[in-house]
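As a plain string of letters, each chain reads:
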Amino acid sequence: MPGSFVTREMVEVGLLMSYGASVADMFRQVGIYSGSILKGAKPAELPVLQSTKFEFVINLQTAKSLGIEVPPQLLLQADEVIE
């Protein structure tokens, strides 16, 4: 399917590409936040966290089946290329 999404899981099942925050990194941040709360920190006093790690994933199988040639520079920028 020609399209872009925010999570890599959709690319793994056939979407063309994705660019978004790393889900694994978000879970890590939630763990740190939860740990702070369990240690007694007040949630209202904790800073708002934003994702710091983003992933760019391209599915070459989908690109080839759609007749799309992905430029080499774009492949070099991808964090993962699914072949």
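So, here is what we can say about the structure in this document. None of the values given here were measured: they were computed from a predicted structure. Here, residues in each chain are numbered from 1, in the same order as that chain's written sequence. Whole-chain, interface and lining totals are the exception, using all residues; otherwise, since this is a predicted model, local features are given only for residues with pLDDT of at least 70 and side-chain atom pairs are given and counted only at 80 or more. As a rule here, side-chain values cover all heavy atoms of the structure and leave hydrogens and water aside.

### Overview of the environment of P47
Now for step 1: Here P47 lies in the loop between α2 (23-38) and β3 (54-59).
Now for step 2: Counting along the chain gives 14 residues from P47 to Y33, while the straight-line C-alpha distance between them is 9.4 Å. Only DSSP runs of H or I covering at least 4 residues are called helices, and only runs of E covering at least 2 are called strands; the numbering of each starts at the N terminus.

### A few points about the side chain of D25
Now for step 1: Of note, D25 is situated in helix α2.
Now for step 2: Looking at D25, the relative accessible area reads 10%, which means it is buried.
Now for step 3: Reaching out from D25, the side chain makes a polar contact with the side chain of R28 at a distance of 3.0 Å.
Now for step 4: It only takes one pair of heavy atoms within 4.5 Å for two residues to be counted as in contact. Not counting the four nearest positions on each side in its chain, D25 is found in contact with T52 and K53. We call a residue buried when its accessible area falls under 20% of the maximum for its residue type, exposed when it is over 50%, and partly exposed in between, using a 1.4 Å probe and counting protein chains only. In protein, a polar contact means a hydrogen-donor-capable atom and an acceptor-capable atom, both N or O and within 3.5 Å, with residues adjacent in sequence counting only if both atoms are side-chain atoms; elsewhere, any N or O pair within 3.5 Å suffices.

### Focus on the pattern of salt bridges
Now for step 1: One side-chain nitrogen of Lys or Arg within 4 Å of one carboxyl oxygen of Asp or Glu is enough to make a salt bridge. Counted according to the given criterion, the structure contains 4 salt bridges.
Now for step 2: Between R28 and D25 there is a salt bridge whose closest N-O contact spans 3.0 Å. Within this pair, R28 and its partner D25 are both found in helix α2, separated by 3 residues, close to a single helical turn.
Now for step 3: Judged by its relative accessible area of 45%, R28 is partly exposed.

### Examining the pairing of β3
Now for step 1: For β3, the buried fraction is high: 5 of the 6 residues fall into the buried class.
Now for step 2: One bridge is not enough; two strands pair if DSSP finds at least two bridges between them. Pairing analysis gives 5 bridges linking strand β2 (residues 17-21) to β3, with the strands arranged antiparallel. Bridged to A21 within β3 is F54.
Now for step 3: Summarising the sheet, β3 and strand β4 (residues 80-82) pair through 3 bridges and their orientation is parallel. Paired with I58 across the bridge in β4 is V81.

By themselves, these figures tell us nothing about what the structure is for.
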